[in-house]
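# Per-entry structural report
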Amino acid sequence: MSGDLIGTWLAATLTIAIFSFLYRDNPLYRAAEHVYVGISAGFAVIYAWAFDVYPMLVESFKAQLGAKNYFEAYILVIPALLGLAMLLRSIPKLTWISRWPISFTIGIGAGLGLIAAIQGYLLPQIFDTLRPLVTINNAIIYIGVITTLTYFYFSREHRGLTGVVARIGIIFIMVAFGASFGYTVMARVSLLIGRFYFLFHDWLPLIR
Amino acid sequence: MKVTLLPMWRTLASIDRRIIYLLLTIVVVLPLIIHPKIKVRVSEPVRAAFKSIEKLPQNSVVMISIDFDPSSAPEVQPMLIAILRHCFKKNLKVILTGQLALGLPLGEIALNQVSGEYNKVYGKDYINIGYRPGSTALMVGIGREIRDFFKTDYQGVPLDSFEFMRRVHNYHDIALLVTLAHGAVADAWIQYAGARFNQKIIVGCTGVNAPNMYQYLSAQQIAGLIGGLQGASEYETLVEKPGAATLGMPAQSTAHALLIILLIIGNIGFILTKKKK
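Reference entry: report on the structure contained in this document. (Residues numbered from 1 in each chain as written. Chains lettered and ligands numbered in written order. Predicted model: local features only at pLDDT ≥ 70, side-chain atom pairs only at ≥ 80, totals over all residues. Heavy atoms only, no water.)

### Description of the interface of chain A and chain B
Formally: Two residues form a contact once any of their heavy atoms are found within 4.5 Å. Put simply, buried area is the surface a 1.4 Å probe can reach on two separate parts but cannot reach once they are joined, added for both. N or O atoms closer than or at 3.5 Å make up a polar contact, with two conditions inside protein: a donor-capable atom paired with an acceptor-capable one, and, for residues adjacent in sequence, both atoms drawn from side chains. Runs of E in the DSSP output that reach at least two residues are strands. Runs of H or I that reach at least four are helices, and both are numbered from the N terminus.
Chain A puts 39 residues into the contact, and the matching count from chain B is 50 residues. Interface of chain A and chain B: buried area, both sides summed, is about 4000 Å²; carbon and sulfur atoms make up 70% of it. On the chain A side of the interface with chain B, the three residues burying the most area are A:Phe51, A:Tyr183 and A:Ile193, jointly 15% of the side's total. Counting across the interface, chain A meets chain B through 12 residue pairs in polar contact (both at pLDDT 80 or more). Contributions of two or more residues to the side of chain A that touches chain B are made by α2 (27–66), α5 (99–129) and α7 (160–203) of chain A. By residue number, the principal contributor to the side of chain A that touches chain B is α7(A), which donates 17 residues.

Have a look at this one:
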């Protein structure tokens, strides 16, 4: 209980310290910022060890050895070495070794990403765009897609008909940016509400 | 008339940002304290998400992925609580996981809170399998066997020691996947689990991400979308249990009204000053 109380007071102090930046930059704000970054990094390291390295490497190695599955045990040495090689980026003379695990992860990422982009994004979105021209909404989608793509077509100068179509494309792009900006404003205000809710609900019990 | 008003508009258009912050603080704090009642209109994407859970038969397995961290908690955490309430009310089995290590404790907090409200028991009605690295490789791998990545729950207890988990092996055994995301993780679930394994997915995301999700909703790649604090309040309305999101909506409305007024004042000041020049 007292731990919760200390935690709440600490969180409230840090929140106010972060808010103080709105007046102007100050040491209190910078201290809170450093604490946040430090704790996040520390937490991530602990989590990586507890949920990643220890169960999937150390424990798994022990378990496989215990079960006399020597191949399954010793094959774990490869990812362990690749992981250690990644850390060599911090030693200038040995940086080149870190390219091996990097190339390995890029290979996996590219292989998985290529299929996902085509199968999971491009094709479904193209199929959804190719709608029958029977409603005004569908017609607007066609106009929006064609004019926006024309705006991003830079192999031809945007003059004459191309220029007119590209300018219509700008309108669609601006509408999309407007919708995105509106949602972004809502998101930022929501975060502010969240902090004030914490201050006036958890810290000072002004909100029931 | 215009000449006399011009200095006033000019002053208003170049108002100190700290005064704007103060005004914003007042319009956010006052509604939170006064707590006025406003009607929440439920949008179609949120209703679709609700229906996806509502029509699941009892004991179906729902996997909830915590793909946000504390920086987005004010928006997404109310969604998690509302969805958990809905799942437990419907007697669905919940598997909690996450792609962001920093977000997992938030999932645990919500589980502890809501399971108590519905007398749900860990291991029998829900489990938390925690976080494993691998992201996209993990999403594809679950399509084959979940135990390749999660042999145990987050406390190290083997999955097969939980009765309902014995029948869960891959996406075929998961009736619905809920991704609560503040970044591109939702896209990854849709593209890897949805497109490849036909996994039914609903997305709850921050306001910043919501516009990017409508394309998936339109193409029926997701079954529902809960966007931002507004979406969370709509879901709370549907589960008939108002929470932090519903409480925050009046403040959201007054803050938006203030921003619109400031935008109008700023633009009038800008136009008049430009004309004068």
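### Some thoughts on the nonpolar core
All names here are of chain B. Applied cut-off: The nonpolar core is taken to be a set of buried Ala, Val, Leu, Ile, Met, Phe, Trp, Tyr and Cys residues, with the residues joined through side-chain atoms within 4.5 Å. The classification of residues rests on relative accessible area computed with a 1.4 Å probe and restricted to protein chains. Under 20% of the type maximum is buried, over 50% is exposed, and intermediate values are partly exposed.
Counting 57 residues, the largest nonpolar core has Ile-64, Ile-83, Leu-84, Leu-180 and Tyr-235 as its most contacted members. Counting residues per element, this core draws most heavily on helix α4 (residues 73–89), at 10 residues. Those residues in contact with Leu-84, other than ones at most four positions away along the chain, are Ile-64, Val-94, Ala-110, Leu-111 and Val-114. Residues Ile-129, Leu-159, Ile-174 and Ile-190 belong to the second largest nonpolar core, which totals 39 residues.

### Side note on the pairing of strand β2 (residues 93–98) of chain B
All names here are of chain B. Defined as follows: Between any two strands, pairing holds if DSSP finds at least two bridges. By convention, orient the strands away from the viewer: a clockwise path from the first strand over the helix to the second makes the crossover right-handed.
β2 sits mainly inside the fold: 6 of its 6 residues count as buried. Taking every second residue as pointing to the same face, both faces of β2 are buried, with Lys-93, Ile-95 and Thr-97 on one and Val-94, Leu-96 and Gly-98 on the other. Direction of pairing for strand β1 (residues 61–67) relative to β2: parallel, over a ladder of 6 bridges. Across the sheet, the residue bridging to Ser-65 is Thr-97, located in β2. One crossover worth recording links β1 to the parallel β2 by way of α4, and it is right-handed. Where β2 meets strand β3 (residues 126–131), 5 bridges bridge the pair, whose relative direction is parallel. The residue of β3 that forms the bridge with Thr-97 is Gly-130.

### Quick look at the layout of surface pockets
What counts here: Of the two site types, the cavity is a set of points on a 1 Å grid over the protein atoms alone where a 1.4 Å probe fits but cannot get out, and the pocket is an open set with protein on both sides within 12 Å along at least five of seven lines, each lined by residues with an atom within 4 Å of a point. Grid points are joined across faces, edges and corners, and a volume is the space filled by probe spheres set on the points. Each residue is assigned to one class: nonpolar for Ala, Val, Leu, Ile, Met, Phe, Trp, Tyr, Cys and Pro, charged for Asp, Glu, Lys and Arg, and polar for all the others, Gly among them.
Computed from the structure, the second largest pocket encloses a volume of approximately 1600 Å³. Lining the second largest pocket are 42 residues, with A:Asp52, A:Met56, A:Leu57, A:Pro79 and B:Pro133 sitting closest to its centre. At the level of secondary structure, the elements contributing two or more residues to the lining of the second largest pocket comprise α2, α4 (77–87) and α5 of chain A together with α6 (136–142) of chain B. With 11 residues, α2(A) is the single largest residue contributor to the lining of the second largest pocket. A per-class count over the lining of the second largest pocket returns 24 nonpolar, 10 polar and 8 charged.

Any functional reading would require information beyond the geometric quantities listed.
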